[in-house]
Amino acid sequence: MSETAERHGADAPVIYIEALNPTGVDFKELWQHRELIYYLVWREIKVRYKQTIIGAAWAIVQPLMTMTIFTIIFGYFAKLPSDGHPYALFTYVAILPWIYFSQAVGRGTNSLVGDSNLIKKVYFPRLIVPLCAAIAPMIDFFFGFLVLLGMMVWFDASITVRIIGLPFVLILALAASFSVILWLSPMNARYRDINLTIPFLLQVWMYASPVVYPLSLVPPQWRFLYSLNPMVGVIEGFRWALLGASMPALDTFAPAILVVGALLWSGVVFFRRMEPKFADIL
Amino acid sequence: MSDIAIRIENLSKMYQIVARTREETLRDQLATWTKSLFVRNGLRRSASARIIWALQDVSLEVKQGEVIGIIGRNGAGKSTLLKILSRITGPDKGRAEIRGRVGSLLEVGTGFHFELSGRENIYLNGAVLGMKKKEIDRKFDEIVAFADIEKFIDTPVKHYSSGMYVRLAFAVAAHLETEILLADEVLSVGDVEFQKKCLGKMGDIAKQGRTVLFVSHNMGTVLTLCPRAILLRFGQLIHDGPSESTIKDYLSNLSATSADAFGDNPERAGNGAVQLVSARVFNEVGQASSHLIAGRSAAFEFRYKNFSSERRGINFMFTIFNNLGIAVSTFDLSHSRKLVDANGQGGVITCHIPDLPLPIGEYRAGALLTVNSEVADWIPNILVFQVDNSNFFSSGRNPPVQLSTCLIRHEWQQGDELEVTPELQATRTQ
């Protein structure tokens, strides 16, 4: 018997292939593939700004440009309230998570299609594809975040202990975009129409989130319905952690967590159910 | 501990070709589709759908360390079987059990990104194939040396020549060290020199005691690498046994179906600008016959129709394969500095062979028409014929088929030990 076979013979992993696939998540298997997750995220980042002139600076330019336009139009012309903060800072704190979310969802929806050559030729837990799509834009977020810290110094905004709540809000943002991608990417694999509706969907979604205006502008009787949009919770969480806005009321935050939780659970079930067909429909 | 590496029981996979009718409105589609989100396999509609079994009740046991060839026509289910075992797609029925780490090579360079450098792609591709970073670190130099691209390792892959690209891709794949390897035609890459290297590497892999399932169209390769082979036809396992007998079964089936080489032939490929419409063999007296005699003359006649306006740049060639699937020789019109004279709607091309140098046995011919180097029509199983008798050597005798793929005219010279010719003298004194 050969060396290889002997070395692995006794404790060789056994793979069972059956017509019914499990719908749960095999966390152990995901962990075993952590290096692949790392390389796929790394590829996304590496390739994204290849053959551009200013390269990774785009990660900063985009939110800054958006902030400038919003400040001029909504802050200066429309004079939208900003809860007592400088409008530029007020909107930038929301633009950062929003751009992260829209990039994750925008690119993530097409992620299965984009990686179809991998999916049709190699096995790995398919959940990795939407997961990487949700993780990769985080890097852009961090560049934008450095600018935010600079702005806070500029505007003399003090950082409070509430910043320790930031990682939690970040995880909520990650979970929100991941769960949306879990739903949209298999749909897009089946019907490419989905990808074409994404720019429109994201535009509507942004105005349905408190990016350019404060939550206080929303009439109280609409608040509950409004806060079913998980990005409301995410953005308000950012403002709370960084600007020291009043603690988002439980009725803003709790729905976000519940909705993301429900989306995530149903998204995983849906994704796993569609999974065996990916190689055939892509 | 069992020594079975792969156990497959009644594995089946079906595809449904859904015939979409015009009445189907967007609303209907949305309804079925919404349903499909919640009902397992809800997208399947039994009505107006044609079911194709890509794989049907395939059972197989593979022992640890066995190297098995999988052969069959295009669409016979070979790739589907590998895809199910690789867990790329799921089966509809049956089950399989695999003991050991599985590496699947359904193509080379999976996950390669053109913008990344050779070095970066080695790591990315390695990770995609399931290698650990440490493992890649350890084999990095070996991979680079095997691919022979030391100088360009930090150049983006998009600047590579296609040869360099496949060499690098194969090099990474070849260093995958799993106990079980599922490989699909990865050998057909690169130039002749590199192909030899790949074949050598595959031979090494086969000898390391690893379990290999190997899909190939090249019977010669299967014969050298795999002691055992299975034959799939229309998704069913038809033959399982020593490679030689499986290959013979496969090829004899090819001949049985060669009558419809021009009709519904899944092996046929090409853009159809120019198409072959008939093929015949003529014996030495000019009769159409599929029985030939070695050493006598023979003629191969092919008729074609031209469906394009192209009149120039049309080339024709055909290849004769023996019953082991080994190409004996290729006859290429352009090698005689000629091209197809396509003046009208079609024509006849005949190739005369003055004394047929083929050992007794069964043969198959494949024919190819190209227009400006693009494949217009390729029929790998256009003709089947037999060489029954031999008059090649005046004795009428022949070497056995196992010891010859073609007959070569030759002369013997003998001499007495004492009468040493000057040439012989020269070699002796060396």
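On a predicted model such as this, the values are computed, not experimentally measured, just so you know. (Residues numbered from 1 in each chain as written. Chains lettered and ligands numbered in written order. Predicted model: local features only at pLDDT ≥ 70, side-chain atom pairs only at ≥ 80, totals over all residues.)

### Section: the overall build of chain B
Per the secondary structure count, chain B includes nine helices and 17 strands. Taken across its 430 residues, chain B has 40% of its residues classed as buried. Residue pairs in contact within chain B that sit at least 24 positions apart in sequence constitute 73% of those at least 6 positions apart. (Helix = DSSP H or I, 4+ residues; strand = E, 2+ residues; numbered from the N terminus. Buried ≥ 20, exposed ≤ 12 C-beta atoms within 10 Å, placed from the backbone. Contact = placed C-beta atoms within 7 Å.)

### Structural notes on the overall build of chain A
A tally of regular secondary structure across chain A gives 15 helices and one strand. Judged by the C-alpha coordinates and their principal axes, chain A covers about 75 × 45 × 40 Å. When each of the 282 residues of chain A is scored for burial, the buried share is 40%. A separation of at least 24 residues holds for 81% of the contacts in chain A among residues at least 6 apart in sequence.

### Some points on the interface of chain A and chain B
Facing the 34 residues of chain A at the interface are 43 residues of chain B. Put simply, the parts of the chain that give the side of chain A that touches chain B at least two residues each are helix 1 (3–9), strand 1 (14–18), helix 3 (34–48), helix 7 (116–119), helix 14 (250–274) and helix 15 (278–281) of chain A. Here the side of chain A that touches chain B takes six residues from helix 3 of chain A, the largest share from any one element. As paired elements, strand 1 of chain A and strand 4 (residues 93–99) of chain B share five bridges and run antiparallel to each other. In the strand pairing of strand 4 of chain B, Glu18 of chain A is matched with Arg95 of chain B. (Pairing = 2+ DSSP bridges.)

### As for helix 13 (residues 230–243) of chain A
All names here are of chain A. For helix 13, built from 14 residues, the straight-helix expectation of 20 Å at 1.5 Å per residue is met to within 8% by its first-to-last C-alpha distance of 20 Å. Burial analysis of helix 13 places 14 of its 14 residues in the buried class, which makes it a mostly covered element. Positioned one or two residues after helix 13, Gly244 has a phi angle of 70°, which is positive. (Expected span 1.5 Å × (residues − 1).)

### Overview of the pairing of strand 8 (residues 228–233) of chain B
Residue and element names in this part refer to chain B. In the sheet, strand 3 (residues 67–71) pairs with strand 8 via four bridges, with the strands oriented parallel. Along strand 8, the bridge assignment pairs Gly69 with Ala229. Relative to strand 9 (residues 236–242), strand 8 is paired through six bridges, and the arrangement is antiparallel. Note on strand 9: the bridge partner recorded for Ala229 is Gly241. Here strand 8 folds back onto strand 9 in antiparallel fashion, the turn holding two residues, of which Phe234 has a positive phi close to 45°.

### Overview of the confidence of the model for chain A
Here chain A averages 89 in pLDDT, while 93% of its residues score no lower than 70. Here residues 1–10 of chain A is modelled with pLDDT under 50, and outside its nearest four sequence neighbours on either side it reaches 18 contacts, counting other chains as well. (pLDDT = per-residue confidence, 0-100.)

### Describing unusual backbone geometry
Residue and element names in this part refer to chain B. With a phi close to 55°, Arg337 is a non-glycine residue in the positive phi region. With respect to the helices and strands, Arg337 occurs in the loop between strand 14 (327–332) and strand 15 (346–353). The phi torsion at Ser373 lies on the positive side, around 70°, for a residue other than glycine. The topology assignment puts Ser373 in the loop between strand 16 (361–371) and strand 17 (374–390).

### Observations regarding the nonpolar core
In terms of nonpolar packing, the biggest core is built from 147 residues, with Val93 and Cys132 of chain A together with Phe214 of chain B touching the most fellow members. The leading source of residues in this core is helix 5 (residues 87–109) of chain A, at 15 residues. Apart from residues no more than four positions distant in its own chain, Val93 of chain A is found in contact with Leu148, Phe238, Arg239, Leu242 and Leu243 of chain A. (Core = buried A, V, L, I, M, F, W, Y, C linked by C-beta atoms within 7 Å.)

### A closer look at the sheet that holds strand 17 of chain B
Residues and elements named next belong to chain B. Across the sheet, which stays open at both edges, the five strands sit in the order 11-17-16-13-14 with mixed pairing between neighbours. Bordering the open sheet on either side are strand 11 (291–294) and strand 14, each of which pairs with just one other strand. Recorded for the sheet is a direction-independent mean angle of 30° between the axes of neighbouring strands. Bridge count between strand 11 and strand 17: four bridges; the pairing is parallel. Within strand 17, the position partnered with Leu292 by the bridge is Val387. (Axes fitted to C-alpha atoms, helices over the stretch in contact; angles between N-to-C directions.)

### Points about the packing of helix 5 of chain A against helix 13 of chain A
To describe two helices that pack against each other, one gives the angle between their axes and the distance between the axes. Residues and elements named next belong to chain A. For the pair helix 5 and helix 13, interaxial distance at closest approach is 9 Å and the crossing angle is 140°. Taken together, helix 5 and helix 13 sit at an angle that is classed as oblique. Every pair of crossing elements has a handedness; the one defined by helix 5 and helix 13 is right-handed. On the side of helix 5, the interface is formed by Val93, Ala94, Pro97, Trp98 and Phe101, while helix 13 contributes Met231, Val234, Ile235, Phe238, Arg239, Leu242 and Leu243. Across the contact of helix 5 with helix 13, the residue classes break down as eleven nonpolar, no polar and one charged. (Parallel < 35°, antiparallel > 145°, perpendicular 65-115°, else oblique. Left-handed = near helix turned anticlockwise from the far one by under 90°. Nonpolar A, V, L, I, M, F, W, Y, C, P; charged D, E, K, R; others polar.)

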